[in-house]
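Chain and residue survey
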Amino acid sequence: MSTLDPLALQVTRPYREDDLPAMAEIWNEVVEAGNAFPQTEPMTLEEARIFFAEQSHTAVATVGGRIRGLYILHPNNIGRCGHVANASFAVAGASRGEGIGRLLVEDCLRQAAACGFRGLQFNAVVASNERARALYESLGFARIGMIPGGFRNKDDVYEDMYIYYHPTE
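In this report, the structure presented in the accompanying data block is examined. Treat the numbers as computed from the prediction; the structure is a model and nothing was measured.

Before going further, it helps to examine the pairing of strand 2 (residues 57-63). For strand 2, the buried fraction is high: six of the seven residues fall into the buried class. From the end of strand 2 to the start of strand 3 (residues 66-75), which pair antiparallel, there are two residues, and glycine 64 there has a positive phi angle of about 55°.

Right under this line is the structure:
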């Protein structure tokens, strides 16, 4: 369970321009670890500005006024499939295991529904990302498929990845 003071944590706050440096730092930390996100290169502050603005919703979690995590929410596909959302989550390494991920995912589910999405699908949850898998399953996400060797980690090792789904209605 969370070791954080619940009054010190804010999850539902949409990001602001002045959050971008911290957001890019956290996002790039996950990218550089090479075991969860598909991106291979860190983003610059200008790239982050564009990337986060393009999302249907981007939110941050703060602890004591400092950004400790974030998520992006957007359509998983276009047209006739645009009613299903996709999201990505990033938590600062020093804050993992403190309950921030759970609060981000819970907020994301609420925001997905508020944005009119009928469900939330994760396309590429890496098999070795056991904490994320356990979190998603504890929140009622169904593991609906597996892609053998679908993810290439930073060491050029191919890992299985899972597809998860949760309705928002």
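On to the packing of helix 1 (residues 20-33) against helix 2 (residues 45-53). Look at helix 1 against helix 2: their axes get within 9 Å of each other, and the N-to-C directions meet at 95°. The pairing of helix 1 with helix 2 is recorded here as roughly perpendicular in orientation. Across the interface between the two elements, Leu20, Pro21, Met23, Ala24 and Trp27 from helix 1 touch Leu45, Ala48, Arg49, Phe51 and Phe52 from helix 2. Here the contact of helix 1 with helix 2 is built from residues that sort into nine nonpolar, no polar and one charged.

Inspection of the entire model under this criterion finds twelve aromatic pairs. When the centroid spacing of 5.7 Å and the interplanar angle of 85° are considered together, the rings of phenylalanine 89 and phenylalanine 122 count as edge-to-face. Highlighted residues: phenylalanine 89 in strand 4 (residues 84-91) and phenylalanine 122 in strand 5 (residues 119-126), separated in sequence by 33 residues. Phenylalanine 122 matches phenylalanine 89 in its accessibility class, with the two residues each being buried. Members of the aromatic cluster, connected to one another through ring pairs, are Tyr71, Phe89, Phe122, Tyr136, Phe141 and Tyr164. Taking the ring centre of tyrosine 162 as reference, the NZ or CZ of arginine 143 above it sits at 4.3 Å.

Here the focus is the environment of cysteine 108. Looking at where cysteine 108 falls in the secondary structure, it is placed in helix 3 (residues 100-114). Look at cysteine 108 and you get buried, because its relative accessible area is 0%. It is 17 Å that separates the C-alpha atoms of cysteine 108 and asparagine 77, two residues lying 31 residues apart in sequence. When neighbours within four sequence positions are excluded, cysteine 108 is seen to be in contact with Tyr71, Leu73, Ala87, Phe89 and Leu120.

Cut-offs applied
- The residue count restarts for each chain, going from 1 along the sequence in the order it is written.
- For a predicted model such as this one, the threshold for reporting local features is a pLDDT of at least 70, and the threshold for listing and counting side-chain atom pairs is 80 or more; totals across whole chains, interfaces and linings nevertheless cover every residue.
- Hydrogens are left out, water is left out, and the side-chain values use all remaining heavy atoms of the structure.
- Throughout, exposure labels follow a simple rule: accessible area from a 1.4 Å probe, protein chains only, divided by the maximum for the residue type, with under 20% read as buried, over 50% as exposed, and the rest as partly exposed.
- By the criteria applied, helices consist of DSSP H or I runs no shorter than four residues and strands consist of E runs no shorter than two, each listed in order from the N terminus.
- Pairing between strands is defined by DSSP: at least two bridges between the two strands are required.
- A fitted line through C-alpha atoms represents every axis, and for helices the fit uses only the stretch in contact; the resulting angles, taken between N-to-C directions, go from 0 to 180 degrees.
- To sort the angles, those under 35 degrees are grouped as roughly parallel, those over 145 as roughly antiparallel, those from 65 to 115 as roughly perpendicular, and the leftovers as oblique.
- Throughout, a contact is declared for two residues whenever any of their heavy atoms are within 4.5 Å.
- Under the scheme applied here, ten amino acids are nonpolar (Ala, Val, Leu, Ile, Met, Phe, Trp, Tyr, Cys and Pro), four are charged (Asp, Glu, Lys and Arg), and all others, including Gly, are polar.
- Planes of paired rings set the category: under 30 degrees apart is stacked, over 60 is edge-to-face and the rest tilted, where pairs are Phe, Tyr or Trp rings (Trp by its six-membered ring) whose centres lie within 6.5 Å.
- In this analysis the charged atom, NZ for Lys or CZ for Arg, is taken to sit over a ring once it is within 6 Å of the ring centre and within 35 degrees of the ring normal.

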